[in-house]
Amino acid sequence: MKNLMEHMGVEPGRLQFSWISSAESTKFVDVVTKVTESVKALGPNTNYVKKSAAKV
Amino acid sequence: MESYIGKIKEISERLLNDGTVECVVGFRKGTVALTNEPCMITKASDVKDLVWDSNCRLNLANYLTGRKEKIAVIAKGCDSRNIVNHIIENKISREQLVIIGVPCKGMVDKNNPESLQSNCATCTHRNPVIYDELCGELVEEQTDVDKYEDVRAVEAMETQEKWAFFEELLSGCTRCYACKNACPLCYCPTCFVDESQPQWIGKGTDPIDVRTYHFLRAYHCAGRCTDCGACEAACPQNIKVRQFTKKLEKDCNELYGWEAGLTVDQRPPLDSFKLDDPDKFIM
């Protein structure tokens, strides 16, 4: 899925997957931090946004 | 390939006459030039309508989903692979089927009868992988073809280029759904595009909805697509919708060494788990 998303032009890092057990609180924090950082670095998504929806 | 038709008619007539099957799924002459249409023959006297030439592009496995009666089906290489898919996915049982195998040398491009359609030109499974009767000598399989040249060209692009490439590719799409209707893999009673609670996707031709549709349609075919080309053959806008499914087909081949529909004895990668499954995408 990630491969196909990136294949059609969604930036790498926009879509991320992880597996975290309910007991792995530190891993959860780590992953959330990393995801937010990488998404912040990419900035707002301008491609995959519905133009018509913006008006509503 | 035209020479197969005698044999096809002979076998079909025999099966219908002796009651082995209740119907034969094959092709008859279509109403549009250079296009044969699928048909179901239930009477031996109608067997004369069957045709076989290089314009039998659609995939006949599409007409087997959920059938209860005994059926004979004419199957070129790709049809037979999709029949295997159907058997694996319990859409029809092997016992119900008499598969009339047709070794195939490729179908011609609907817009350019001088050349093969692109999936046939690089096909490596021309002979049916599963059959009960055979209509001719098996043909030699192509070995030195490069199936994924176009996929690699897209892979080499920058992100924005890729986005623009697919924007252009899909610009003619009218959301007629011919691609999903022609696809033997698309047999859900209610497709995600038709659901309204929740509504997964807008129904118009907004470029984002069009893209989401094509992306999700392709993803539903991951590990199942045989690259039969029925979707492209059916597309009235001549959109190369296989650009999506081919990427998945390539990935499945590279990640799992999997080509769909070759054997009924192995579960597809997306419905089985192995400890050494690739997990590079998990952070």
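Going by the annotation in an unreviewed UniProt entry, the name recorded for chain A is Methyl-viologen-reducing hydrogenase, delta subunit, with Desulfoluna spongiiphila given as the source organism.

Moving on: the interface of chain A and chain B. Chain A puts 26 residues into the contact, and the matching count from chain B is 26 residues. Among the residues of chain A in contact with chain B, Leu4(A), His7(A) and Met8(A) are the three that bury the most area, contributing 33% of the side total. Connecting chain A to chain B are four residue pairs in polar contact (both at pLDDT 80 or more). Contributions of two or more residues to the side of chain A that touches chain B are made by α1 (2–7), α2 (25–42) and α3 (51–55) of chain A. In terms of residue count, the dominant contributor to the side of chain A that touches chain B is α1(A) (six residues).

On to the nonpolar core, then. Considering soluble globular proteins, one finds that nonpolar side chains tend to be buried as a cluster. With 41 residues, the main nonpolar core has Ile8(B), Trp52(B), Ile74(B), Ile83(B) and Leu97(B) as its most contacted residues. Mapped onto this core, the elements with two or more residues apiece are α1 (4–17), β1 (23–29), β2 (36–41), β3 (71–75), α2 (77–88) and β4 (97–101) of chain B. For this core, the leading source of residues is α1(B), giving six residues. Setting aside anything within four residues of it in sequence, one finds Ile74(B) in contact with Ile8(B), Val24(B), Val25(B), Gly26(B), Leu50(B), Trp52(B), Leu60(B), Asp79(B), Ile100(B) and Val102(B). Grouped together as the second largest cluster of nonpolar side chains are 28 residues, Val10(A), Val154(B), Tyr213(B) and Leu248(B) included.

What counts, and at which threshold
Residue numbers run consecutively from 1 along every chain, following the written order of its sequence. Labels are handed out in written order, letters beginning with A for the chains and numbers beginning with 1 for the ligands. Under the rules for a predicted model, residues below a pLDDT of 70 receive no local features and side-chain atom pairs below 80 are neither given nor counted, while totals for whole chains, interfaces and linings still include all residues. Based on all heavy atoms of the structure, the side-chain values leave hydrogens and waters out of the count. Contacts between residues were defined by any pair of non-hydrogen atoms, one from each residue, lying within 4.5 Å. Once two parts are put together, the accessible area they lose, assessed with a 1.4 Å probe and summed over both, is termed the buried area. Two N or O atoms form a polar contact when they lie within 3.5 Å of each other; inside protein one atom must be a possible hydrogen donor and the other a possible acceptor, and for residues adjacent in sequence the pair counts only when both atoms belong to side chains. Numbering of helices and strands runs from the N terminus, with a helix taken as a DSSP run of H or I at least four residues long and a strand as a DSSP run of E at least two residues long. Working definition of a nonpolar core: buried Ala, Val, Leu, Ile, Met, Phe, Trp, Tyr and Cys residues. They are joined through side-chain atoms within 4.5 Å. Classification of residues uses two cut-offs on accessible area relative to the type maximum, computed with a 1.4 Å probe and protein chains only: under 20% is buried, over 50% is exposed, and between them is partly exposed.

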